[in-house]
Amino acid sequence: MKKATIIVAAMLAFGTISLSSCSREEKREVADNVQNAQDEVKDAADNVAEDVKEAREETAEEIKEAREELSLKIENRRQIINSELDELNAKIKKASAKEKDKLEARRDKLKENLNDLNDDLAEVKKDVKRDWKQFKRDLNDRIDAMQKDFEN
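All values reported here derive from a predicted model rather than from experimental measurement. (Residues numbered from 1 in each chain as written. Predicted model: local features only at pLDDT ≥ 70, side-chain atom pairs only at ≥ 80, totals over all residues. Heavy atoms only, no water.)

> I'd like a rundown of the overall build of the chain, residues and numbers included.
Scanning the chain for helices and strands turns up 3 helices and 0 strands. Listing every helix and strand of the chain by position from the N terminus yields α-α-α. Within the chain, the fraction of its 152 residues that count as buried is 19%. Long-range contacts, defined here as pairs at least 24 residues apart, represent 71% of the contacts in the chain between residues at least 6 apart. A total accessible area of about 11900 Å² is found for the chain, and carbon and sulfur atoms account for 53% of it. (Helix = DSSP H or I, 4+ residues; strand = E, 2+ residues; numbered from the N terminus. Buried < 20%, exposed > 50% of the residue type's maximum accessible area, 1.4 Å probe, protein only. Contact = heavy atoms within 4.5 Å. Areas by Shrake-Rupley, 256 points an atom, 1.4 Å probe, with all protein chains shown as cover.)

> Give a detailed account of a positive patch on the surface, specifying residues and quantitative values.
On the surface, a cluster of positive charge is contributed by Lys73, Lys133, Lys136 and Arg137. Of all the elements, helix H3 (residues 132–151) adds the most residues to the positive patch, at 3 residues. (Patch = residues over 30% accessible without salt bridge, like charges linked within 9 Å, V, L, I, M, F, W, Y side chains within 5 Å. Salt bridge = Lys/Arg side-chain N within 4 Å of Asp/Glu carboxyl O. Lys, Arg positive; Asp, Glu negative; His and termini not counted. Charge placed at Lys NZ, Arg CZ, Asp CG, Glu CD.)

> Go over the packing of helix H2 (residues 97–125) against H3 with me, naming the residues and quoting the values.
The geometry of H2 relative to H3 is characterised by a closest axis approach of 12 Å and an angle of 155 degrees between their N-to-C directions. Relative to H3, H2 is oriented roughly antiparallel. In this structure, the crossing between H2 and H3 has a hand that is left-handed. Of H3, the residues touching H2 (which contributes Arg106, Lys109, Leu110, Asn113, Leu117, Asp120, Glu123 and Val124) are Phe135, Leu139, Arg142, Ile143, Met146, Asp149 and Phe150. Along the lines of polarity and charge, the residues of the contact of H2 with H3 split into 8 nonpolar, 1 polar and 6 charged. (Axes fitted to C-alpha atoms, helices over the stretch in contact; angles between N-to-C directions. Parallel < 35°, antiparallel > 145°, perpendicular 65-115°, else oblique. Left-handed = near helix turned anticlockwise from the far one by under 90°. Nonpolar A, V, L, I, M, F, W, Y, C, P; charged D, E, K, R; others polar.)

Right, dumping it as structure tokens:
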């Protein structure tokens, strides 16, 4: 009986040790898995933050390039208008009274266009407060309308 009690006690001790060691292993494994998951989440968050930063830099560069392109387009249109104004002023000096009225009306329209372009250029050079795409679309439409006006 003593032997049976010792054997039962030994088996219980062995079972308890076995069960508690499994629990510790499982706990350790779970803790490792949690740590790995936290590391993966942190890495993913870092990657997302880096992607957002790169996208923001690319967008800023695209806007800068678009502003430079529009500035050049405006400058070219301003030069054309200034040349046209010079020609009109020369024609006005030599024109008859009837032609002067027509040429002066044309000159006034060109000056108005030039003032609009000056305002647009100032807005392109500063931070545009309204929607960039809409501003760009409006500006291109006005420049196209001026081009058509010159062709007529």
